[in-house]
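Each chain is listed here by its residues.
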Amino acid sequence: MIIRRFRASNFRNIESCDIEFTEGVNLLYGRNAQGKTNAVEGIYIFSRGKSFRAREDSELVKFGTEGFRISVEYDEGIHHRTLEYALFGKERLRKKNGYKISKVTEMIGSLKCVLFYPDDLKIVKGGPEERRGFLNVAVSLINGTYLKMYSDYKKALENRNCALKFISKGFPVTKDELWSWSESMAEYASYIYLEREKYIENLSKYAGEVMLDISEGEENLSLIHECDIEVGIRERDDVRRAYLKLFTENLDREISAGVSLYGPHRDDIKIKINDKDLPIFASQGQQRSAVLSLKLAEGELIKDICGEYPVYLFDDVLSELDDKRKRYVLSGAEGKQFIITSCEAEDLLGYTDNEIDVSGGKYVSAHR
Ligand code: ATP
Ligand code: MG
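Residues numbered from 1 in each chain as written. Chains lettered and ligands numbered in written order. Predicted model: local features only at pLDDT ≥ 70, side-chain atom pairs only at ≥ 80, totals over all residues. Heavy atoms only, no water.

Student: Describe the packing of helix 5 (residues 175-214) against helix 9 (residues 284-306), listing the residues and the values that go with them.
Tutor: Across the interface, helix 5 lies against helix 9 with an axial gap of 8 Å and an inter-helix angle of 125°. On the basis of their axis angle, the class for helix 5 and helix 9 is oblique. The two elements helix 5 and helix 9 meet at a crossing, and its hand is right-handed. Here Tyr-199, Asn-202, Leu-203, Tyr-206, Ala-207, Val-210, Met-211 and Ile-214 of helix 5 come into contact with helix 9, specifically with Gln-286, Ser-289, Ala-290, Leu-292, Ser-293, Leu-294, Leu-296, Ala-297, Glu-298, Glu-300, Leu-301 and Asp-304. Of the residues that constitute the contact of helix 5 with helix 9, the class distribution is 13 nonpolar, four polar and three charged. (Axes fitted to C-alpha atoms, helices over the stretch in contact; angles between N-to-C directions. Helix = DSSP H or I, 4+ residues; strand = E, 2+ residues; numbered from the N terminus. Parallel < 35°, antiparallel > 145°, perpendicular 65-115°, else oblique. Left-handed = near helix turned anticlockwise from the far one by under 90°. Contact = heavy atoms within 4.5 Å. Nonpolar A, V, L, I, M, F, W, Y, C, P; charged D, E, K, R; others polar.)

If you want it as C-alpha cells, here you go:
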C-alpha cells in the first residue's frame with residue numbers, strides 16, 4: 001500500500017496541511033515540537049481506528065478550535081482509496097471511499113500500517129502485557145475474527161472472574177454456572193491459542209532473518225510462545241480440552257484467589273538473542289534492532305496474507321542505530337513505503353526519496 005496524500009485541518013498543531021508522499025523513504029524532519037509525530041498520528045488513526053497516544057479523540061482538536069478533519073488517499077494495488085474522519089463536538093463523520101460509514105470497525109483493516117514509535121521499546125523491556133498487546137494488534141490487522149474472539153474471551157473471563165469472586169465470598173453461585181463460563185473461555189482460548197501459535201512461529205522466522213541481516217550475521221533472534229498449556233498442540237479440540245483440564249484441576253486455587261489464574265490473558269512471548277533472554281542483557285541498539293525486526297517481520301506477514309506490504313511508520317526510532325543498521329533499514333524500502341520522522345535529518349537525507357521539512361505545523365516537500 002502506498003499513501004499518496006494526507007490532509008488535515010485543525011488537527012493537533014496543524015491548522016491546515018496537504019502532504020504528498022511517494023514510494024520508498026519519506027522523511028519528515030525538523031526541530032522538536034513542530035508536528036512530525038502529529039502527521040504520523042493522523043495517518044495511523046485510519047489504520048487502527050484510534051490514536052497511539054491520545055486517550056480521547058477530543059485531545060486531537062487544535063486548541064481554540066471547534067473540531068478537526070483528516071483524510072488520507074492511498075493506493076491498494078491498482079485501486080485508489082480514500083478515508084476521511086472529522087470530529088466536531090460530539091459529532092463524528094467517517095467516510096470510506098466517499099461513502100459514509102457509521103462504525104469505526106468498518107474503517108479498521110482497510111489501510112494497513114505498521115507503526116514503530118519510541119514506546120514500542122516496551123515490547124522488549126516491559127512486562128508480558130506489552131507483548132500481548134503487540135500480538136493482539138498485529139494479529140487483528142490480518143484477521144478480523146481474532147479481534148472478535150479476543151473480545152468474547154475477555155467477556156467470558158470477566159464473567160468467570162465474577163463467579164469465582166462470588167463463590168470465594170460464600171455467595172450462592174452454582175458450579176454449573178461457573179462451568180459454563182469455563183467452557184466459553186476454553187472455546188475462545190482454543191482459537192486464540194492456535195492463531196498465536198501460528199503467528200509467533202511465522203514472526204519468529206521472519207524476524208530472525210531480519211535481525212541476522214541487521215547484525216551482519218551476529219545476532220540470532222527467536223520467539224517462543226509462552227502459555228499455561230503445552231505449546232505445539234495442533235487440534236482445536238485438544239487445545240480446548242487442555243484448557244478445561246487446567247481449569248478443573250486448579251479450581252480450588254482459583255476459588256480461593258477469586259480470579260482466573262490461567263488462560264491466554266496471561267500468555268507471553270519469550271524473545272531470545274543467541275539463545276539468551278533479550279531484556280536481561282541487550283544493549284539499547286540491540287533492543288531497538290529487535291523491535292525493528294519484529295515490525296519488519298510483521299510487514300512480511302501482512303504481505304503473505306494480504307498480498308501487499310503495509311505502510312511502515314517509523315516515528316523517531318532510527319536515531320540510536322549505527323550507520324550500518326540505519327542504511328540496512330532504509331535500503332529495505334524498495335517496493336514499499338516508509339514514512340520516517342527524525343530531528344537529526346543529516347545522516348538520513350542521502351537515503352530518502354522524499355524529504356518534508358516540518359516547522360510549526362507546516363509541511364514543505366522537496367521531491368528528489
Ligand atoms: P519531537 O521531535 O519532539 O518528537 P514533533 O515534531 O514530533 O517533535 P509533535 O509531537 O508532532 O512534535 O507535536 C508538535 C506540537 O503540537 C507540540 O508543541 C504540541 O504542544 C502541539 N500540540 C499537541 N496537541 C495539540 C493540540 N490539540 N492543539 C495544538 N497544539 C497541539
Ligand atoms: Mg515526535
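The structure having been displayed, the exposition proceeds.
Student: Explain the site of ligand 1 residue by residue, including any values.
Tutor: Neighbouring residues of ligand 1: 16 residues in total, closest Ala-33, Lys-36, Thr-37, Asn-38 and Val-61. One nitrogen or oxygen atom from the main chain of Gly-35 is found 3.0 Å from an oxygen atom belonging to ligand 1. The separation between a nitrogen atom of ligand 1 and a polar main-chain atom of Val-61 is 2.9 Å. For ligand 1, the protein covers 76% of the area, taking 650 Å² as the surface of the free molecule. Split by residue class, the shell around ligand 1 holds four nonpolar, six polar and six charged. (Near = heavy atom within 4 Å. Polar contact = N/O pair within 3.5 Å; in protein donor to acceptor, adjacent residues only side chain to side chain. Areas by Shrake-Rupley, 256 points an atom, 1.4 Å probe, with all protein chains shown as cover.)

Student: Help me get a handle on the pattern of salt bridges, residues and values and all.
Tutor: For the structure on display, the rule yields 30 salt bridges. Measuring nitrogen to oxygen at the nearest pair gives 3.7 Å for the salt bridge that ties Lys-155 to Asp-152. Here the residue Lys-155 and the residue Asp-152 both occupy positions in helix 4 (residues 144-168), the gap between them amounting to three residues, near one helical turn. A salt bridge links Glu-187 to Arg-240; the shortest N-O distance between them is 2.2 Å. Pair noted here: Glu-187 is in helix 5 and Arg-240 is in helix 6 (residues 236-249), with a separation of 53 residues, a long-range link. (Salt bridge = Lys/Arg side-chain N within 4 Å of Asp/Glu carboxyl O.)

Student: Describe in detail the environment of Phe-11, supporting the description with residues and values.
Tutor: Its place among the elements puts Phe-11 in strand 1 (residues 2-11). Residue class for Phe-11 comes out buried when judged on its relative accessible area of 0%. Taking C-alpha positions, Phe-11 is 36 Å from Ile-269, a pair spaced 258 residues apart along the chain. With sequence-adjacent residues up to four places away left out, Phe-11 is seen in contact with Asn-38, Glu-41, Gly-42, Ile-45, Leu-60, Lys-62, Phe-68 and Ile-70. (Buried < 20%, exposed > 50% of the residue type's maximum accessible area, 1.4 Å probe, protein only.)

Student: How would you explain empty space enclosed by the protein if you had to name every residue and give the values?
Tutor: What the rule picks out here adds up to one cavity of 30 Å³ or more. Approximately 50 Å³ is the volume attributed to the largest cavity. Every residue lining the largest cavity is listed: Asp-316, Val-317, Leu-318, Ser-319, Lys-326, Thr-341, Ser-342, Glu-344, Asp-347 and Leu-348. Secondary structure elements with two or more residues in the lining of the largest cavity: strand 13 (337-342) and helix 11 (346-349). Classifying every residue of the lining of the largest cavity by side-chain character gives three nonpolar, three polar and four charged. (1 Å grid on protein atoms, 1.4 Å probe; cavity = no way out; pocket = protein on both sides within 12 Å on 5 of 7 lines; lining within 4 Å. Points joined across faces, edges and corners; volume = space filled by probe spheres on them.)

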